[in-house]
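What follows is each chain in one-letter form.
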Amino acid sequence: MTDVILKNAQTVLTMNDQREVLRDVDLRLRNGVIAEIGTGLTGGRLVDATRTVVTPGLVNTHHHLYQNLTRAVLGGQDALLFGWLRTLYPIWARMGPEHMRVSTQLGLAELALSGCTLTSDHLYLFPNGARLDDTIHAAAEVGLRFQPTRGAMSIGESAGGLPPDALVEREAAILDDMIRVVDAFHDPSEGSMCRVGLAPCSPFSVSRELMRDAALLARDKGVMLHTHLAENDEDVSYSLATFGCRPGQYAEELGWTGSDVWHAHCVKLDGQEIDLFAKTRTGVAHCPCSNCRLGSGIAPVRAMRDAGVKVGLGVDGSASNDMANLWDEARQAMLLQRVARGADAMSAYEALEMATRGGADVLGRPECGRIEVGKRADLAIWDVSGLASSGSWDPAALVLAGPRQVRDLFVEGRHVVAQGAMTTLDLPQVIQHHTKLTEALANGD
Ligand SMILES: [Zn+2]
């Protein structure tokens, strides 16, 4: 592959160990990594970066891509978590492989345009022959670094669970398929474009045994674990009533703490649980827009970070956020901590750090999320010559004054977004197909 040289970047937020901010430099991308940072670089395809801010690609640590077919569903727009789920489960039960494929294409494009180069996905229902494979093949086409997780639900309504019986699977079949997808798709190498994780949906939709067995399997295979935890008060009450303990304790008892585990939301972690997560290096996917949308509360992110908990950001499923712009999450994370703790509770730079380096650390990818020679060439280039940043005295404080979308995006040195457009797929065509699928679902097909 020819070298790419980003020429004359006005500001580079490196997010390296010293959090250096570089001015007026060039970057050379070669063979998927950042090969050189300096001035006067030549000998490659030049991309003008004058009047831009260059950041590490943003990292999304929590999502359910399939849900972008059910944004703003009537009846779910104003519901709390459990009521919202009950509205949506019957619609999701009508999906199949094509829905998974097209929603992945659309969702990854949406993320890419907001600066995201690495995303996880949490797929926990497999109706009508859908498989994790559908999302993995689609992601390979789009070109984002992908960490899909094989989710699962096993306790249906008839057994006292929340989801309808048609959407749950037998636990033995779940474990078999977890083994299948890890063996088929997980690439543990540095710079890997696909790493698979295991992710029972939540403590209220699978058994204690499946939580424990998934943890044992993940350790055996060397893959990561992911689930939803302590999302709101109802969630904590359910844990206390059903398991006789708080969510953090439940997680600990079943092997769900450690540097290979990350939990989504954690809005209601208490001080002891925060200490537990810090001590065990357990990660958190903070999803501020989703938490606001569902009225779940404000996650104690300031306290988590002060205690040393690894925190990344997540857009969460498009049905509980309706938008999947990772830049928005960084801004919302900053704003919420200020609402809770005052104007100095979180800076724009810290919010961006969580969105980049923070997320990469949560997903076990220290080779991503920083701009340094030898790190992966995952870069977001933000044009600060336009409307959103005009008048800004500090354009690098990106989440204070936009832009909300990238001009260019590189993943593993590959130009995935160029001048604001996807290079790897025909986005208008994907939107058209996606709209047809959405209309069919809305019509009950
Ligand atoms: Zn979620």
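Look a little higher up for the structure.
Looking now at the state of the cysteines. Throughout the structure, instances matching the rule amount to zero disulfides. Among the cysteines around cysteine 194, which has no disulfide bond, cysteine 368 carries the closest sulfur, lying 13 Å off. For cysteine 194, a relative accessible area of 13% gives the class buried. Looking at cysteine 266, it has no disulfide partner, and the nearest cysteine sulfur is the one in cysteine 287, 9.2 Å off. Its relative accessible area of 0% is what places cysteine 266 among the buried residues.

Once that is clear, we can look at the coordination of the zinc ion. The coordination sphere of the zinc ion contains the protein donors His62 (NE2), His64 (NE2), His228 (NE2) and Asp316 (OD), at a distance range of 2.1 to 2.4 Å. Taken together, the four donor atoms coordinating the zinc ion span angles of 89 to 173° at the metal, a pattern that classifies the geometry as irregular. For histidine 62, a relative accessible area of 0% translates into the label buried.

Using the criterion set out here, one finds seven aromatic pairs in the structure. Ring geometry for tyrosine 66 and tryptophan 92: centres 5.2 Å apart, planes at 80°, overall edge-to-face. Residue tyrosine 66 is located in the loop between strand E6 (58-60) and helix H1 (81-92), and its partner tryptophan 92 is located in helix H1; the two are separated by 26 residues in the primary sequence. By the burial criterion, tyrosine 66 is buried, and tryptophan 92 matches it.

Attention now moves to unusual backbone geometry. With the exception of glycine, the majority of residues adopt a negative phi angle, and the majority of peptide bonds are in the trans configuration. Residue proline 403 is bonded to the preceding glycine 402 through a cis peptide linkage, with omega at 10°. For proline 403, the position within the fold is in the loop between strand E14 (379-383) and strand E15 (408-411). For aspartate 322, which is not a glycine, the phi torsion comes out positive at approximately 75°. Tracing the chain through its elements places aspartate 322 in the loop between strand E13 (310-313) and helix H11 (326-341).

Moving on, we come to the nonpolar core. Trp84, Trp92, Leu144, Trp256 and Met422 are the most contacted members of the largest nonpolar core, which totals 119 residues. Once you skip the residues sitting within four places of it in the chain, leucine 144 turns out to touch Leu108, Leu111, Ala112, Cys116, Thr117, Thr119, Ala139, Met193, Val411 and Val416. Within the second largest apolar cluster, 16 residues are counted, among which are Leu29, Val54, Leu379 and Phe410.

Regarding helix H8 (residues 271-280), the residues found buried are Glu273, Ile274, Leu276, Phe277 and Ala278. In this structure, the buried side of H8 is in contact with strand E10 (224-229), helix H7 (247-253), strand E11 (261-265), strand E12 (283-286) and helix H10 (301-307). One or two steps after H8, the chain reaches arginine 281, where phi turns positive at roughly 60°.

Along any regular strand the residues' side chains alternate between the sheet's two faces. Taken across its six residues, E10 has six buried, putting it largely inside the fold. Burial along E10 is two-sided: the face carrying Met224, His226 and His228 and the face carrying Leu225, Thr227 and Leu229 are both buried. Two strands pair when backbone bridges link them, and strand E9 (residues 197-200) and E10 are joined in this way by two bridges, in the parallel orientation. The partner of glycine 197 across the bridge, within E10, is methionine 224. Pairing of E10 with E11 involves five bridges; the strand directions are parallel. Bridging from a neighbouring strand, histidine 228 pairs with alanine 264 of E11.

Before going further, it helps to examine the pattern of salt bridges. Per the stated rule, a full pass over the model turns up 33 salt bridges. The salt bridge involving glutamate 412 is made with arginine 145; its shortest N-O contact spans 2.6 Å. Here arginine 145 lies in strand E8 (residues 145-152) and glutamate 412 lies in the loop between E15 and strand E16 (414-418), a separation of 267 residues in the sequence. Side by side, glutamate 412 and arginine 145 carry an identical accessibility label, which is buried. With a closest N to O distance of 2.6 Å, glutamate 412 and arginine 376 form a salt bridge. Note that glutamate 412 is positioned in the loop between E15 and E16 and arginine 376 in the loop between helix H12 (348-362) and E14, a separation of 36 residues in sequence. Shared partners join several salt bridges into a network, and the residues in it are Arg19, Arg302, Arg305, Asp306, Glu350 and Glu353.

Once that is clear, we can look at helix H2 (residues 97-113). Its 17 residues give H2 an end-to-end C-alpha distance of 25 Å, which sits within 8% of 24 Å, the value for a rise of 1.5 Å per residue. Within H2, 13 of the 17 residues are buried, leaving the element largely enclosed by the surrounding structure. Where H2 ends, the next residue or the one after it, glycine 115, has phi of about 105°, a positive value.

Cut-off values and rules
Residues numbered from 1 in each chain as written. Predicted model: local features only at pLDDT ≥ 70, side-chain atom pairs only at ≥ 80, totals over all residues. Heavy atoms only, no water. Disulfide = S-S within 2.5 Å. Buried < 20%, exposed > 50% of the residue type's maximum accessible area, 1.4 Å probe, protein only. Donors = N, O, S within 2.8 Å, 3.2 Å for Na, K, Ca; no water. Tetrahedral: all angles 85-135°; square planar, octahedral: opposite > 155°, others 65-115°. Phe/Tyr/Trp six-rings, centres within 6.5 Å; stacked < 30°, edge-to-face > 60°. Helix = DSSP H or I, 4+ residues; strand = E, 2+ residues; numbered from the N terminus. Core = buried A, V, L, I, M, F, W, Y, C linked by side-chain atoms within 4.5 Å. Contact = heavy atoms within 4.5 Å. Pairing = 2+ DSSP bridges. Salt bridge = Lys/Arg side-chain N within 4 Å of Asp/Glu carboxyl O. Expected span 1.5 Å × (residues − 1).

Purely geometric stuff here, so don't read any function into it on its own.
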